[in-house]
Amino acid sequence: MNRPGERNPNPARGRGFRVGAALLLALGAAVVVGAADDDERCSDPAYRDAYACHQVIVRFAPGFDPATLSAVEPGVAVSLIPQLGQAWVVAPRESDVDTLLVRFAALAGVRSVERNGEYRAPECRQINAPILDLSATRSALAVQPALVAMDAVPEPGFGRGVVVAVLDTGIDRAHPALADATVLPGIDLVAPGAGDATDAGDGVDGDGNGVVDDGYGHGTAVAGLIHVLAPAAVLLPVRVLDDECHGTAFAFAAGVVGAVDAGARIINASLGAREPSHALRDAMDYAAAHGALVIAAAGNTVADDGDGEREQEIQFPASHRSALGVAAVSSLYVAAPTTACGRAVKLSAPGVDVLVPWRGRYGLLSGTSASSALVSGAAAVGLGRLPALDRVRLVELLRTTAIPVDAWNPDRAGLLGAGVPEVAALGGRTPRIIVPPRPTDRRRPEGESGR
Ligand SMILES: [Ca+2]
Ligand SMILES: [Ca+2]
């Protein structure tokens, strides 16, 4: 797929919680009058936190000629995801995006239009980067409390034959923790054309939040956790987040499609957005239809809803019905204070002070990104042993063998999924942590097919 070299024309992007993002979603032909200057809207940090400025996604039906989009507005750059029937339109700065949305939506063959949403790793929303642990070594990764909690004693052959895509900031292949890992060249959707999915910072505070390269290292940390559990799994880096942890719905959708087409059976998404988008639902449906399982961080979002109650929303795509959404618990199975949780969560995994590869060394990462990565590693162990499992049966295996955690979390019973993956069981070994039978797990979620 081709895409413009142009990045977000407004580099000064802010941070902060998304407010009212839902109101701006799903713009259609009947919505929005008044030509608000897009630059003005983009000066609002809450807006920039939800959407990439001057960018639109158009979903179209088969037979639609994307060249029509360029004809509507001179100067737009159009990139395509042909598999999904989606176009990414980057408008010139002077374009009025509201009007553009209305005009695109009116074209014959256009199914829907939307602004291109922002995606991030949840840790980057909070700027709780890992704490560097200078004393840690590579061998400590495999014997840390998080792995003990998962009953994981990694074996060199675990995960053999399984391609795990890491949708993130890229992977630093040179990190000692990945020295024996098979890492494919990968897909770069941040700087397309460069073909470089390496995780690296540029030394520039690209989003102007006062932290230089706040995203750099995240993908390597995630990849390191997958690799330590499933050393024989093949890692596919898909760079959808830049070194300031910013990504977009379109890049994410393209990343999912690219990962599926490259043969990934497991797609780790330690990232998300508050609001779903049509573009991303298409991508999730594509992954499900091709038998790939998207394992996603539930999110670390904790917001005060005004009356002192904490509201913890599950981010998208973890909330999607075909995804395996993962919440964070401690290595003693107690829910992490900042984890999002809820009925849409299917599993939990350690996500408090998890030792990860971090910027050439090692660090302690807290957040559902770590939890998602550990579940992806566990899933690779199960799939490596039982490659004939389809997506739904793999989830079923992970859930039925999981170590239940509700007893440690009476106030969140039913909100942390089936519990923490039992890696020994997934690898065909005798579990050391005995799991009681869970008859209710035999029911499949509504709407799931047998693929
Ligand atoms: Ca920054
Ligand atoms: Ca940077």
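Residues numbered from 1 in each chain as written. Chains lettered and ligands numbered in written order. Predicted model: local features only at pLDDT ≥ 70, side-chain atom pairs only at ≥ 80, totals over all residues.

Helices and strands together make up the secondary structure of the protein, namely 14 helices and 18 strands. Within the span of the protein, comprising 451 residues, buried residues form 54% of the whole. A fraction of 78% describes how many contacts in the protein between residues 6 or more apart in sequence connect residues 24 or more apart. (Helix = DSSP H or I, 4+ residues; strand = E, 2+ residues; numbered from the N terminus. Buried ≥ 20, exposed ≤ 12 C-beta atoms within 10 Å, placed from the backbone. Contact = placed C-beta atoms within 7 Å.)

Quick look at the sheet that holds strand β10 (residues 247–248) now. With antiparallel pairing, five strands are arranged side by side in an open sheet as β2-β3-β1-β4-β10. Whereas interior strands pair on both sides, the edge strands pair on one side only; in this sheet they are β2 (77–81) and β10. Two elements, strand β1 (residues 51–60) and strand β4 (residues 110–119), share six bridges in a ladder whose sense is antiparallel. Along β4, the bridge assignment pairs valine 58 with valine 113. With respect to the sheet, helix α5 (residues 97–105) is in contact with β1 and β4, its orientation differing from that of β1 by roughly 5 degrees. Sheet strands in contact with helix α11 (residues 278–289) are β1, β3 (86–90) and β4, and its direction is about 55 degrees off that of β1. (Pairing = 2+ DSSP bridges. Axes fitted to C-alpha atoms, helices over the stretch in contact; angles between N-to-C directions.)

Omega for the bond connecting phenylalanine 316 with proline 317 falls within 30 degrees of zero, at 15 degrees, which places this linkage in the cis form. Following the sequence through the fold, proline 317 ends up in the loop between β14 (310–311) and β15 (324–329). Despite not being glycine, tyrosine 333 has its phi angle at roughly 70 degrees, a positive value. Its location among the elements puts tyrosine 333 in the loop between β15 and β16 (345–350). Backbone geometry at aspartate 353 places phi at a positive 50 degrees, although glycine is not the residue there. With respect to the element layout, aspartate 353 can be found in the loop between β16 and β17 (354–358). Take aspartate 353: there are 19 C-beta atoms within 10 Å of it, and that puts it in the partly exposed class.

So, about the pairing of strand β11 (residues 266–269). Alternating positions in β11 separate into two faces, Ile266 and Asn268 on one and Ile267 and Ala269 on the other, with burial throughout. Here four bridges tie β11 to strand β12 (residues 293–297), and the two strands are oriented parallel to one another. Within β12, the position partnered with asparagine 268 by the bridge is isoleucine 295.

Right, let's get into α11. In this model α11 runs 16 Å from its N-terminal to its C-terminal C-alpha over twelve residues, within 8% of the 16 Å that 1.5 Å per residue would give. Taken residue by residue, α11 has Ala279, Leu280, Asp282, Ala283, Met284, Ala287 and Ala288 as its buried positions. The first or second residue beyond α11 is glycine 291, which carries a positive phi of 80 degrees. (Expected span 1.5 Å × (residues − 1).)

Before going further, it helps to spend a moment on the confidence of the model for the protein. Per-residue pLDDT for the protein averages 85, and the proportion of residues at 70 or more is 84%. Long-range and interchain partners of residues 1–35, a stretch whose pLDDT sits below 50, account for 70 contacts in this model, where long-range means more than four residues apart. Scored below 50 in pLDDT, residues 441–451 makes 15 contacts in the model with residues more than four places away or belonging to other chains. (pLDDT = per-residue confidence, 0-100.)

Moving on to the packing of helix α12 (residues 368–385) against helix α13 (residues 391–400). Look at α12 against α13: their axes get within 10 Å of each other, and the N-to-C directions meet at 115 degrees. Considering the angle they form, α12 stands roughly perpendicular to α13. In this structure, the crossing between α12 and α13 has a hand that is right-handed. Contacts between α12 and α13 pair Ala378, Ala379, Gly382 and Leu383 from the former with Leu394, Leu397 and Leu398 from the latter. Considered class by class, the residues forming the contact of α12 with α13 number six nonpolar, one polar and no charged. (Parallel < 35°, antiparallel > 145°, perpendicular 65-115°, else oblique. Left-handed = near helix turned anticlockwise from the far one by under 90°. Nonpolar A, V, L, I, M, F, W, Y, C, P; charged D, E, K, R; others polar.)

What follows covers the sheet that holds strand β5 (residues 131–132). Spatially, the three strands line up as an open sheet ordered β5-β18-β17, and their pairing is antiparallel. Two strands close off the open sheet at either side, each with one partner strand: β5 and β17. Pairing of β17 with strand β18 (residues 361–365), which is carried by five bridges, proceeds in the antiparallel orientation. Residue pairing for β18: leucine 355 is matched across the bridge by leucine 364.

Counting 133 residues, the largest nonpolar core has Val164, Ile226, Ala253, Ile267 and Val326 as its most contacted members. In terms of residue count, the dominant contributor to this core is helix α10 (residues 249–261) (ten residues). Of the residues that make up this core, three or more belong to each of domain 1 (25–117) and domain 2 (122–426). Residues within four places of isoleucine 226 in sequence aside, it is in contact with Val164, Val166, Ala233, Leu235, Asn268, Ala373, Ser376, Gly377 and Ala380. The next biggest cluster of nonpolar side chains, apart from the first, holds six residues, and it includes Tyr47, Tyr51, Ala52 and Cys53. (Core = buried A, V, L, I, M, F, W, Y, C linked by C-beta atoms within 7 Å. Domains from an automatic or database assignment.)

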